[in-house]
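Now for the letters of each chain:
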Amino acid sequence: MKSVVTTVIASADAAGRFPSTSDLESVQGSIQRAAARLEAAEKLAGNLDAVAKEAYDACIKKYPYLNNAGEANSTDTFKTKCQRDIKHYLRLIQYCLVVGGTGPLDEWGIAGQREVYRALGLPTAPYVEALSFARNRGCAPRDMSAQALVEYNALLDYAINSLS
Amino acid sequence: MLDAFSKAVVTADASTACVSDINALKKFVSEGNRRLDAVNAIASNASCMVSDAVAGMICENQGLIQAGGNCYPNRRMAACLRDAEIILRYVSYALLAGDASVLDDRCLNGLKETYAALGVPTTSTVRAVQIMKAQAVAHIQDNPSEALAGAKLRKMGTPVVADRCASLVSEASSYFDRVIAALS
């Protein structure tokens, strides 16, 4: 899993040297930013179900045709699966907040995403709408501190961009 | 390769849950500078630690540098010094990452079999690792033994906290113990 620390170690290892002062400096930089990330991760973990539910409701509201017979949100099974997918993205975003990089989203969310959605015949626009809703819903300092919100929104943007 | 953060993520993903134990990671962050000082203490004293550990190992078992011994001639002694440095380097990586996966994957995996095939005596190797473990503990605590170090005594001069980085000391020790367990 790619993160600042593992990248630093991999390059030190490739050169066969002990961690140098500049290596330690890079790790220090990532640790300094970690407090805001972990705050966002903690808050998101505590409210994941509510955030996912709101985002899901928002995207069904914008695309009501999904409720029609034969569409992606037509049966109860489909509905739970749609909600699960939104939760899945938010969970991966929580992982990215913990790791401090986009590794989890890249490896477990985005890789193969296009192929899967095409094979299942799923539209990506509702996902974009759901994540965009979450993107605009967050509010500092009500939900988390400003810096934490910046980190959280940046990852939502990253996921949105991967889908559009 | 994982670090403390990605380890938490991989563990959480196994049960498709969010990372819940954020407090442990917050502790990692708040004690980050101490960790970097500890890594620096090992990296800065690495060559001294390695040569002392190998010399100590040989002092206790002179047969190693006599004809037929595994540290005779210079070529094999050099290989021994190189290996000790490699092991110490991977321990320093593990300490920096806060996770043993880099040590396991890149150093210990197959090491025992390699040494068996090359006829390297593991008891001697283990002894050298034990000496490096004691040295690393002394350097991380910045409390080297004046009696043993003599004129070579070296203090890093980092600000010393009351517990002398007890958690980092035990973490670093656990990585050395991992090496020892993998070899024996």
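Residues numbered from 1 in each chain as written. Chains lettered and ligands numbered in written order. Predicted model: local features only at pLDDT ≥ 70, side-chain atom pairs only at ≥ 80, totals over all residues. Heavy atoms only, no water.

Overview of the overall build of chain A
Counting its secondary structure elements, chain A contains seven helices and zero strands. Going from N to C terminus, chain A has its helices and strands arranged as α-α-α-α-α-α-α. Across its three principal axes, chain A shows a C-alpha extent of roughly 60 × 40 × 20 Å. Pairs at least 24 residues apart make up 68% of the contacts formed inside chain A by residues separated by at least 6 positions. Here chain A carries 18 positive and 18 negative side-chain charges, and the mean point of each set is 4 Å from the other. (Helix = DSSP H or I, 4+ residues; strand = E, 2+ residues; numbered from the N terminus. Contact = heavy atoms within 4.5 Å. Lys, Arg positive; Asp, Glu negative; His and termini not counted. Charge placed at Lys NZ, Arg CZ, Asp CG, Glu CD.)

Points about the interface of chain A and chain B
Every contact between the two is made by 30 residues of chain A and, on the other side, 36 residues of chain B. Buried area between chain A and chain B, summed over both chains or domains, comes out near 3,000 Å², and the portion from carbon and sulfur atoms is 72%. Our enumeration of links across chain A and chain B arrives at four salt bridges. The shortest N-O distance in the salt bridge between Arg91(A) and Asp13(B) comes to 3.0 Å. Linking chain A with chain B are 13 residue pairs in polar contact (both at pLDDT 80 or more), by the criterion used here. (Buried area = accessible area lost by both parts, 1.4 Å probe. Salt bridge = Lys/Arg side-chain N within 4 Å of Asp/Glu carboxyl O. Polar contact = N/O pair within 3.5 Å; in protein donor to acceptor, adjacent residues only side chain to side chain.)

Details of the packing of helix α2 (residues 21–62) of chain A against helix α6 (residues 125–137) of chain A
Residue and element names in this part refer to chain A. One way to put it is that α2 packs onto α6 with a least axis distance of 8 Å and a crossing angle of 125°. Considering the angle they form, α2 stands oblique to α6. Here α2 runs over α6; the crossing is right-handed. Residues Val-51, Glu-54, Ala-55, Ala-58, Cys-59 and Lys-62 of α2 form the contact with α6, whose participating residues are Pro-126, Glu-129, Ala-130, Phe-133, Ala-134 and Arg-137. (Axes fitted to C-alpha atoms, helices over the stretch in contact; angles between N-to-C directions. Parallel < 35°, antiparallel > 145°, perpendicular 65-115°, else oblique. Left-handed = near helix turned anticlockwise from the far one by under 90°.)

Re the UniProt feature "binding site: (2R,3E)-phycocyanobilin" (unreviewed entry) in chain A
UniProt records the feature "binding site: (2R,3E)-phycocyanobilin" (unreviewed entry) at Cys82(A), using the numbering of this structure. For Cys82(A), the location among the structural elements is in helix α3 (residues 76–99). (UniProt positions renumbered as here; feature names shortened; annotations may be inferred.)

Quick notes on the packing of aromatic side chains
One pass over the full model with this rule turns up six aromatic pairs over all chains. Between Tyr63(A) and Tyr65(A), the aromatic rings sit 6.4 Å apart at their centres with planes inclined by 90°, giving edge-to-face as the arrangement. Take Tyr65(A): its relative accessible area is 34%, and that puts it in the partly exposed class. A ring pair is formed by Tyr90(B) and Tyr93(B), whose centres lie 5.5 Å apart and whose planes are at 90°; its orientation type is edge-to-face. One end of the pair, Tyr90(B), and the other, Tyr93(B), are both in helix α5 (residues 74–97), three residues apart, so they sit about a helical turn from each other. Three or more aromatic residues link up through ring pairs in this structure, and these residues are Tyr89(A), Tyr117(A) and Tyr127(A). Taking the ring centre of Phe5(B) as reference, the NZ or CZ of Arg37(A) above it sits at 5.9 Å. Seen from the ring of Tyr90(B), Arg89(B) lies directly overhead, with NZ or CZ sitting 5.1 Å from the centre. (Phe/Tyr/Trp six-rings, centres within 6.5 Å; stacked < 30°, edge-to-face > 60°. Buried < 20%, exposed > 50% of the residue type's maximum accessible area, 1.4 Å probe, protein only. Lys NZ or Arg CZ within 6 Å of the ring centre and 35° of its normal.)

A closer look at the UniProt feature "binding site: (2R,3E)-phycocyanobilin" (unreviewed entry) in chain B
According to UniProt, the feature "binding site: (2R,3E)-phycocyanobilin" (unreviewed entry) maps to Asn33(B), Asp37(B), Asn70(B), Arg75(B), Cys80(B), Leu81(B), Arg82(B), Asp83(B), Ala84(B), Glu85(B) and Ile86(B) in the numbering used here. Annotated residues spanning 54 residues; largest pairwise C-alpha distance 40.3 Å, indicating distribution over more than one region. Locating Arg82(B) in the fold gives a position in helix α5. Within the element layout of this structure, Glu85(B) appears in helix α5. On the basis of relative accessible area, Glu85(B) is assigned to the partly exposed category, the value being 34%. Filtering out sequence-adjacent residues up to four positions away, Glu85(B) remains in contact with Phe18(A) and Val50(B).

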